[in-house]
Amino acid sequence: MPKIDSGDTAWMLASSALVLLMTPGLAFFYGGMVRVKSVLNMIMMSFACIGIVSILWVLFGYSLAFKGTNPLIGDFSAVGLNGTLKSASGTLPELVFSAFQLMFAIITPALISGAIADRAKFGGWVLFTTLWVTIVYFPVAHWVFYFNDGKGGWIADRLGAFDFAGGTAVHINAGAAGLACALVLGKRRGWPKEPMRPHNLPLVLLGAGLLWFGWFGFNAGSAVAANGLAGIAFMNTQVATAAAAMAWIVTEKFRDGHCTTLGVASGAVAGLVAITPACGSVTPMGAIAIGIAAGVLCALAVGLKFRFGFDDSLDVVGIHLVGGLVGTLLIGLLASADVVGTDGLLYGGGLSQLGKQAIAAGAVLGYSFVVSYVLAQIVEKTIGFRITPEEEVNGIDTTAHAESGYDFSSTFGGAFGGGGPITKPVGVADDERSVKA
Amino acid sequence: MKLITAIIKPFKLDDVKNALESFGVHGITVSEASGYGRQKGHTEVYRGAEYTVDLVPKVRVEVLVDDGEAEDVIEVIVKSAATGRIGDGKVWSVPVDVAVRVRTGERGADAL
């Protein structure tokens, strides 16, 4: 067993914190994109993921994803993180590796929430997240991220498909689940006739900036070491994202006539998504090509929901599913032996890597879509997943959380104002108060 | 007295305000408004989807004037708000029974 490396450990601790920051970043990115009456619920869905998944991870998530010798699912040998306190994982303390992977498990369900903006019952979301990470994410992470000398997950350790940081396990997975949830919950009232444009674009751009920053931990951290490969992943992440942001706004300039801030933010995220699986297997020139492809294709893909009539509210399908597919498949063309030891098709490496990439992408897409659809139906049929029409029109922030994102009115005492102070303490019955008065 | 209401393009507000001030109007009330006229708004493309925008942003200017000045004030507003393009807006007036200055209790023309 290799010795614990303090440099690697330091970088992975920092990377874990960076990846955690992506989820609040995503919350702002999504929160700014919804209408003013749902911004808090949108942010709340992400924060709920941080809470729920962190606990499930310690209880059984890590064990189901990163233990055992079964190709499909882990075991219960590290329930409660039992036996991991003093052991090593590569050159890291095992708990450091586990903490890093936890952050991935948090953001993946949070990504789904963008597909069901404005209309998901909060309790339904809590139940769905709990079921989904357990039945979909933990197994898929096992397939894609678990290396164990040929006895790990089937995609990573047996098939030999490349997914450096989670193009399949995180992005295709969340994108397919988002599509399933959007289909089960149905369209928002008024969609697609009403524009439903973003209510706070500075918040969207702040969120995109935090995602970009945190993504260096996500991608360069996935080298699981502070080394040259981490450096390659870091540079690839930067240039692919830059290229995709520019490619998106050029595409929409031709299509819609304007370069929008929503476009530059979406393009950056599309680039980050697409380079995620590929950042450890392509050169920086290959990364620019992937970024341009992702920027153009995702910008076009966000129009699909209007053609097919599914309300993927914040384009989880158009960006994460399509971007994840672009990155995962382009590895088959653009992988470089200088980086990963295997050449892709365009470097003379033949079709075999492309075939493996397609199998990995298709397997995750199919499993995630089918199981997510069933889970969403179970939630809808039991405790209910969709809010009532009245709650939806009044706004989910006030009906589900008793708060509103912005209280600008000074005239009437704010969004809930009009009356005087409530003198009656909560829980005291009316007749008791009248006696005292 | 007459209450003159003008719905104008937002970017013409300064011109209308200055013209009314030069004419000698003592006070106006301005609010943001939205609506449509004969053209029924327009279409816009955003993020790959085309939308009809049927409620176009406008500004509503209200002026309370003496009967004798009403026609001239309407003329001043129309002249200063016109661009000659569609969506320039509308001006109308309605008779007003009572006007009171809250601070002093003055009524009628004295309250203007």
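Everything below is about the structure printed above this text.
Residues numbered from 1 in each chain as written. Chains lettered and ligands numbered in written order. Predicted model: local features only at pLDDT ≥ 70, side-chain atom pairs only at ≥ 80, totals over all residues. Heavy atoms only, no water.

Draft legend 1. Fine view of the overall build of chain B. A count of helical and extended segments in chain B gives two helices and six strands. Going from N to C terminus, chain B has its helices and strands arranged as β-α-β-β-β-β-α-β. For a compact globule of 112 residues, the expected C-alpha radius of gyration is about 13 Å, and chain B comes in at 17 Å, more than 25% above that figure. Dimensions of chain B, computed from C-alpha atoms along their principal axes, come out at roughly 60 × 25 × 20 Å. Within the span of chain B, comprising 112 residues, buried residues form 31% of the whole. Across chain B, every contact between residues at least 6 apart in sequence was considered, and the portion connecting residues at least 24 apart equals 72%. Accessible surface for chain B amounts to roughly 7,100 Å². Of this, 50% is attributable to carbon and sulfur atoms. (Helix = DSSP H or I, 4+ residues; strand = E, 2+ residues; numbered from the N terminus. Rg over C-alpha atoms; globule rule 2.2 N^0.38 Å. Buried < 20%, exposed > 50% of the residue type's maximum accessible area, 1.4 Å probe, protein only. Contact = heavy atoms within 4.5 Å. Areas by Shrake-Rupley, 256 points an atom, 1.4 Å probe, with all protein chains shown as cover.)

Draft legend 2. Examining the pairing of strand 4 (residues 49–53) of chain B more closely. Residues and elements named next belong to chain B. Burial along strand 4 is one-sided: the residues Ala49, Tyr51 and Val53 are buried and none of Glu50 and Thr52 is. Of the pairings in the sheet, the one linking strand 3 (residues 42–46) to strand 4 comprises five bridges and is antiparallel in character. Following the sheet pairing, glutamate 44 is matched in strand 4 by tyrosine 51. Taking the residues between adjacent antiparallel strands as the criterion, strand 3 and strand 4 are bridged by two residues, where arginine 47 takes a positive phi near 50 degrees. (Pairing = 2+ DSSP bridges.)

Draft legend 3. Up close: the layout of surface pockets. If you add up the space inside the largest pocket, you get close to 840 Å³. Ser89, Phe97, Phe145, Phe147 and Val224 of chain A are the residues nearest the centre of the largest pocket, which is lined by 35 residues in total. Sorting the residues of the lining of the largest pocket by element identifies helix 2 (39–66), strand 1 (88–89), helix 3 (94–112), helix 4 (122–145) and helix 5 (154–159) of chain A as the ones contributing at least two each. When residues in the lining of the largest pocket are grouped by element, the largest group, five residues, is from helix 3 of chain A. A per-class count over the lining of the largest pocket returns 21 nonpolar, 10 polar and four charged. By volume, the second largest pocket is sized at about 560 Å³. Lining the second largest pocket are 20 residues, and of these Tyr36, Gly37, Gln39, Lys58 and Gly87 of chain B lie nearest its centre. (1 Å grid on protein atoms, 1.4 Å probe; cavity = no way out; pocket = protein on both sides within 12 Å on 5 of 7 lines; lining within 4 Å. Points joined across faces, edges and corners; volume = space filled by probe spheres on them. Nonpolar A, V, L, I, M, F, W, Y, C, P; charged D, E, K, R; others polar.)

Draft legend 4. Focus on the interface of chain B and chain A. Of the residues lining the interface, seven residues belong to chain B; the matching set on chain A comes to 17 residues. For the chain B face of the interface with chain A, the top three residues by lost area are Tyr46, Arg47 and Tyr51 of chain B, together amounting to 72%. Summed over the shared surface of chain B and chain A, the result is two salt bridges. The closest approach of N and O atoms between arginine 47 of chain B and aspartate 315 of chain A, which form a salt bridge, is 2.7 Å. Taken together, the links from chain B to chain A amount to five residue pairs in polar contact (both at pLDDT 80 or more). Broken down by secondary-structure element, the contributors of at least two residues to the side of chain B that touches chain A are strand 3 and strand 4 of chain B. Considering each element in turn, the side of chain B that touches chain A owes the most residues, three residues, to strand 3 of chain B. Within the side of chain B that touches chain A, the residues separate by chemical class into four nonpolar, one polar and two charged. (Buried area = accessible area lost by both parts, 1.4 Å probe. Salt bridge = Lys/Arg side-chain N within 4 Å of Asp/Glu carboxyl O. Polar contact = N/O pair within 3.5 Å; in protein donor to acceptor, adjacent residues only side chain to side chain.)

Draft legend 5. Expanded view of the environment of arginine 35 of chain A. Residues and elements named next belong to chain A. In this fold, arginine 35 is placed in the loop between helix 1 (6–33) and helix 2. The class of arginine 35 is buried, set by a relative accessible area of 16%. Counting along the chain gives 82 residues from arginine 35 to alanine 117, while the straight-line C-alpha distance between them is 9.3 Å. There is a polar contact of 2.9 Å between the side chain of arginine 35 and the side chain of aspartate 118.

Draft legend 6. Structural view of a negative patch on the surface. A cluster of like negative charges, contributed by Asp66, Glu69, Glu71, Asp72 and Glu75 of chain B, occupies part of the molecular surface. On the secondary structure map, glutamate 75 of chain B appears in helix 2 (residues 70–81). (Patch = residues over 30% accessible without salt bridge, like charges linked within 9 Å, V, L, I, M, F, W, Y side chains within 5 Å. Lys, Arg positive; Asp, Glu negative; His and termini not counted. Charge placed at Lys NZ, Arg CZ, Asp CG, Glu CD.)

Draft legend 7. The arrangement of a nonpolar patch on the surface in detail. Residue and element names in this part refer to chain A. Nonpolar side chains collect at one region of the surface, where Met285, Ile288 and Ile292 lie side by side and expose about 280 Å² of accessible area between them. Within the element layout of this structure, isoleucine 292 appears in helix 10 (residues 284–301). On the basis of relative accessible area, isoleucine 292 is assigned to the partly exposed category, the value being 40%.

Draft legend 8. Representation of the pattern of salt bridges. For the structure shown, the criterion picks out 15 salt bridges over all chains. For glutamate 44 of chain B, the salt bridge is made with arginine 197 of chain A, and the minimal N-O distance between the two is 2.9 Å. Residue glutamate 44 of chain B is located in strand 3, and its partner arginine 197 of chain A is located in the loop between helix 6 (167–185) and helix 7 (201–220); the two belong to separate chains. In the salt-bridge network here, residues are joined through shared partners; they are Arg35, Asp118, Arg119, Arg188 and Asp311 of chain A.

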